[in-house]
Amino acid sequence: MTMEKHYLKRLFFAILLFTCCMLANAHDFEVDGIYYNYMSDGVYVTYAGNSYSEVENEYNGDIIIPATILYNGYEKNVIAVAANAFRDCKNITSITIGDNVENIFNDAFRNCSNLNKISIGKNLWKIYDTALYGCNALKTVHYNCIHTGNCQINLPSVEEITLGENVKTVSLFNNTEWYKRQQNGLLYLDNWLIGYKGDEPIGDIIIAEGTTHIDGSSLSYCSSITSVSIPKTVIYIGELFLRSCSNIASLNVAMGNTVYDSRDNCNAIIETNTNKIIKACANTVIPNSVTSIGFCSFEELDIVSLDIPNNVVDIESSAFYGCNKLAQVNIGDNVINIGDNAFRACTMLKDLKLGDKLTTIGKCTFYDCSSLTNIIIPESILRIKEDAFRNTGWYNNQTDYPYCLDGWILYDVGWPYIKEGVRGIADRVYYYHDASGSSNLKIPNTVYAIGEWAFSYCGIYDVVLPNSIKYIATGAFSNNGFSYISLPLGVDSISSATFQNCRYLSKVVIPKSVKKIESAAFTLCSKITELYVLAANPPRVDNSGIPVFDPSIYDKSTLYVPKGSKEAYLQDTEWTKFTNIVEIET
């Protein structure tokens with residue numbers, strides 16, 4: 001799961017929980033002195049009775065909210081603390097939050113006036129604004145959650161803060177008594193460098209020996225820093241460390257550090273085990289041993305030219321974002337992936353040669369590279385994501401749709417009329433395009449790759465996929481109206497949601513080349529009655545997320561398999577769900 005999807009999922013459940021917790025009435029049950037309400041994916045802590053004020057001081061002393069509870073023989077995760085759950089419980093002295101709790105809602109501990117200590121579990125995502133209102137005796141907070149930002153307890157009474165092993169980002173806690181007691185300069189907490197107090201750091205920064213963790217935002221946007229030295233004790237550096245510190249001329253990791261290094265006097269911070277540059281400066285020379293250019297590692301640096309060695313296989317998202325003086329870059333021959341926004345806004349970049357092992361160009365990778373006009377797409381490319389070349393010099397010179405770059409359709413309007421010679425369709429090119437001109441999609445035998453959601457919601461009622469196609473990305477033909485599809489021989493996997501919600505699809509032919517079918521590939525295709533799978537060895541079906549097939553077809557459709565392979569399909573935990581399996585000559 002991507003970070004964006006993970007965030008949206010947690011946000012959705014937080015909103016659902018918020019609604020349920022705010023509307024909570026009587027508790028459903030009690031375990032070990034704590035009152036709970038049910039939810040579909042767990043339980044949340046609440047008050048006794050029909051309102052928080054019905055039972056006075058139902059909670060007392062040291063409260064431990066468990067990660068799970070056992071009730072009626074079933075284990076349930078404790079996922080939230082409801083609004084008003086412990087409100088006005090003046091005899092509570094400490095709270096321990098279990099590791100599965102994700103949200104503590106408004107007024108949960110309001111006016112717990114003798115609460116002096118709280119310990120936060122590893123999965124807490126958010127403490128809502130008034131959750132601890134009136135807890136004026138709270139002095140000690142222990143964080144073990146991954147991100148402290150949304151869980152920050154910034155009460156003036158807090159004097160002691162400690163950090164657990166799961167913490168990955170740390171806030172400044174700048175309204176606490178603890179913060180007020182710190183001296184100006186670099187700010188440390190429990191062997192973490194978490195930021196600075198007072199004036200912005202300038203010049204040479206030497207991080208203290210004994211520091212083990214560095215928060216990613218601790219020294220961001222400090223434009224007057226010129227060098228940074230990292231001691232051998234550091235074992236963790238957060239993402240975006242030294243972001244927008246564009247005047248750094250020297251980066252050095254001390255000899256003896258087992259996690260990071262600055263090999264070959266490269267003027268960069270390299271993650272030793274992965275050989276990935278995580279932070280560079282204007283004077284960085286990429287060593288030949290580096291295999292990956294990390295997220296935002298060269299962002300906004302004043303570099304004019306750059307050689308990326310042949311050992312590099314991955315250029316991560318935003319690696320060179322905003323390098324507006326970069327005019328020439330030699331990308332190594334072995335790069336396989338260039339991530340989203342990797343060269344975005346490199347306005348001086350003019351020529352681009354991509355290696356013949358490159359398979360993926362990310363979303364907005366060269367967006368706003370306004371001088372970039374000369375681009376050659378290698379035959380190895382399988383996927384070009386949305387807006388990869390928008391607002392480049394090439395894009396701005398186009399006059400007639402479709403905008404086709406070296407055989408790849410990157411932008412178009414209207415119904416897809418694909419000409420002979422086209423090699424690939426980029427992500428979302430025809431997404432939600434009108435089918436009023438025709439509903440018959442003709443794909444020439446020169447096309448070998450089709451991007452994510454490329455033809456989704458096009459109203460297609462007839463399509464033939466030529467044998468030239470080798471790669472079809474997620475959702476490419478979803479939400480259309482055709483009744484028959486035969487995948488071309490040469491496709492080795494069916495991506496997630498490829499034919500999702502094709503509600504009229506009744507006959508499917510899957511060639512022997514397919515080894516894997518990803519989640520939701522045929523979900524909501526409830527009219528499938530004939531399914532031909534021509535591989536003697538059953539393709540692996542990934543039902544870890546949304547099921548590949550609509551469950552309704554298992555009993556009503558016929559699964560046709562090669563002669564002699566029925567037993568193999570019956571032994572497979574996914575394919576055996578089909579009640580009618582028939583062998584055929586292939």
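The numbering scheme is per chain: residues are counted from 1 as the chain's sequence reads. Local features in this predicted model are restricted to residues of pLDDT 70 or higher, and side-chain atom pairs are both shown and tallied only at a pLDDT of 80 or more, whereas totals for entire chains, interfaces and linings draw on every residue. As a rule here, side-chain values come from all non-hydrogen atoms in the structure, and water together with hydrogens is ignored.

J.: Looking at this structure, how should I read the overall build of the protein chain?
T.: Under the scheme used here, helices are H or I runs from DSSP no shorter than 4 residues and strands are E runs no shorter than 2 residues, and both carry numbers assigned from the N terminus. In terms of helices and strands, the protein chain carries five helices and 46 strands. Projected onto the principal axes, the alpha-carbon positions of the protein chain cover approximately 75 × 65 × 45 Å. Throughout this description, buried means an accessible area under 20% of the type-specific maximum (1.4 Å probe, protein chains only), exposed means over 50%, and partly exposed covers the range between. Classification of the 586 residues of the protein chain by burial places 52% in the buried group. Any two residues whose heavy atoms approach within 4.5 Å at even a single point are treated as in contact. Considering only contacts within the protein chain whose residues lie at least 6 apart along the sequence, 33% involve residues at least 24 apart. In the form shown here, the protein chain has an accessible surface area of approximately 25,700 Å², with 47% of it arising from carbon and sulfur atoms. Asp and Glu are treated as the negative residues and Lys and Arg as the positive ones, with His and the ends of the chain left uncounted. The location of each charge is read from NZ of Lys, CZ of Arg, CG of Asp or CD of Glu. Averaging the positions of the 45 positive and the 62 negative side-chain charges in the protein chain gives two centres separated by 3 Å. Each accessible area is a Shrake-Rupley result for a 1.4 Å probe, and residues are judged covered by the shown protein chains and nothing else.

J.: Help me understand the sheet that holds strand β17 (residues 225-230) in this model?
T.: Strand pairing within a sheet occurs via backbone hydrogen bonds; the two strands may be parallel or antiparallel. The pairing criterion is simple: DSSP has to find at least two bridges between the two strands. Strand order in the open sheet formed by three strands is β15-β17-β19, and the pairing between neighbours is parallel. Looking at which strands have only one partner, the edges of the open sheet turn out to be β15 (203-206) and β19 (250-253). Sheet twist, expressed as the average angle between the axes of neighbouring strands with direction ignored, equals 10 degrees. When β15 meets β17, the two strands line up parallel, connected through four bridges. Opposite Ile 205, over in β17, you have Val 228 as the bridge partner. Axis definition: a line fitted to C-alpha atoms, over the contacting stretch in the case of helices. Angles run 0 to 180 degrees between N-to-C directions.

J.: Explanation requested: the pattern of salt bridges in the structure shown.
T.: Once their charged atoms are close, side chains differing in charge can pair, the charge on each being opposite to the other. Salt bridges are defined by distance alone: a side-chain nitrogen of Lys or Arg within 4 Å of a carboxyl oxygen of Asp or Glu. Throughout the structure, instances matching the rule amount to 16 salt bridges. Among the salt bridges present, the one from Asp 107 reaches Arg 110, with a minimum N-O distance of 2.8 Å. Counted as one network, the salt bridges with shared partners bring together Lys 139, Glu 159, Glu 177 and Arg 181.

J.: Please clarify how the side chain of Asp 412 should be interpreted in this entry.
T.: Within the secondary structure layout, Asp 412 lies in the loop between β33 (408-411) and β34 (424-425). Buried charged residue Asp 412 carries no salt bridge. Nearest counter-charge: Lys 419, at 9.3 Å. A polar contact of 2.6 Å, which involves the side chain of Asp 412, links it to the side chain of Tyr 430. Residues within four places of Asp 412 in sequence aside, it is in contact with Tyr 401, Pro 402, Val 429, Tyr 430 and His 433. For the purposes of these results, a polar contact is taken to be a pair of N or O atoms within 3.5 Å, where, inside protein, one atom must be able to donate a hydrogen and its partner to accept one; residues adjacent in sequence count only when each atom of the pair is a side-chain atom.

J.: Can you walk me through the confidence of the model for the protein chain in this structure?
T.: Low pLDDT marks stretches whose predicted atomic positions should not be read closely. Averaged over every residue, the pLDDT of the protein chain is 93; the share at 70 or more is 95%. Segment residues 1-13 is flagged for pLDDT under 50; beyond a separation of four residues in sequence, or across chains, it makes nine contacts in the model. Think of pLDDT as the predictor's per-residue confidence, scored from 0 to 100. In this model residues 18-24 is a low-confidence stretch, pLDDT under 50, and it forms 14 contacts with partners more than four residues away in sequence or in other chains.

J.: What should I look at first to understand the pairing of strand β7 (residues 92-97) in this one?
T.: Successive side chains on a regular strand alternate, one facing one side of the sheet and the next facing the other. Summarising the sheet, strand β4 (residues 61-65) and β7 pair through five bridges and their orientation is parallel. Bridging from a neighbouring strand, Ile 64 pairs with Thr 96 of β7.

J.: Can you walk me through the pairing of strand β5 (residues 68-71) in this structure?
T.: One ladder, built from four bridges, connects β5 with strand β6 (residues 74-81); its direction is antiparallel. Counted as the bridge partner of Ile 69 is Lys 76 from β6. Between β5 and the antiparallel strand that follows it, β6, lie two residues; Asn 72 among them carries a positive phi value of about 55 degrees.

J.: Just to check I follow, could you spell out the packing of aromatic side chains for this structure?
T.: Describing an aromatic ring pair means giving the distance of the ring centres and the angle of the ring planes. Aromatic rings from Phe, Tyr and Trp, taking only the six-membered ring of Trp, are treated as a pair when their centres fall within 6.5 Å; an angle between ring planes under 30 degrees marks them as stacked, one over 60 as edge-to-face, and anything in between as tilted. All told, the structure shown has 35 aromatic pairs when counted by the stated rule. Both rings, one in Phe 29 and one in Tyr 71, keep their centres 4.1 Å apart while their planes meet at 15 degrees; by these two values the pair is stacked. Of this pair, Phe 29 sits in strand β1 (residues 29-31) while Tyr 71 sits in strand β5; the two residues are 42 residues apart in sequence, bridging distant segments of the chain. Note on Tyr 71: relative accessible area 24%, which makes it partly exposed. Aromatic side chains Phe 499 and Phe 522 sit 5.3 Å apart centroid to centroid with 15 degrees between the ring planes, which places their arrangement in the stacked category. Taken together, the residues span a long stretch of sequence, with Phe 499 in the loop between β40 (493-494) and β41 (507-510) and Phe 522 in the loop between β42 (516-517) and β43 (530-533) at a distance of 23 residues. The pair Phe 499 / Phe 522 is uniform in exposure class, with both members buried. Feature note: the residues Tyr 430, Phe 455, Phe 477, Phe 482, Phe 499, Phe 522, Phe 549, Tyr 554, Tyr 569, Trp 575 and Phe 578 constitute an aromatic cluster, connected by ring pairs. Counted as over-ring charges are cases with an Arg CZ or a Lys NZ within 6 Å of the ring centre that also lie within 35 degrees of the ring normal. The positively charged end of Lys 126 is found above the aromatic ring belonging to Tyr 128, 4.6 Å away from the centroid. Arg 428 extends its terminal NZ or CZ atom over the ring of Tyr 431, reaching a point 4.7 Å from the ring centre.

J.: Could you clarify how one ought to interpret the side chain of Ser 318 in this entry?
T.: Tracing the backbone through its elements, the reader meets Ser 318 in the loop between β25 (314-315) and β26 (328-330). With a relative accessible area of 10%, Ser 318 lands in the buried category. The residues contacting Ser 318, other than those within four sequence positions of it, are Phe 295, Cys 296, Glu 299, Asp 340, Asn 341 and Ala 342.

J.: When you look at the sheet that holds β40 in this model, what are you seeing that I'm missing?
T.: The three strands lie next to each other as β40-β42-β44, forming an open sheet whose pairing is parallel. Across the chains shown, the open sheet's two edge strands, defined by having one partner strand only, are β40 and β44 (540-541). One ladder, built from two bridges, connects β40 with β42; its direction is parallel. Its bridge partner lying in β42, Ser 493 is registered against Lys 516.

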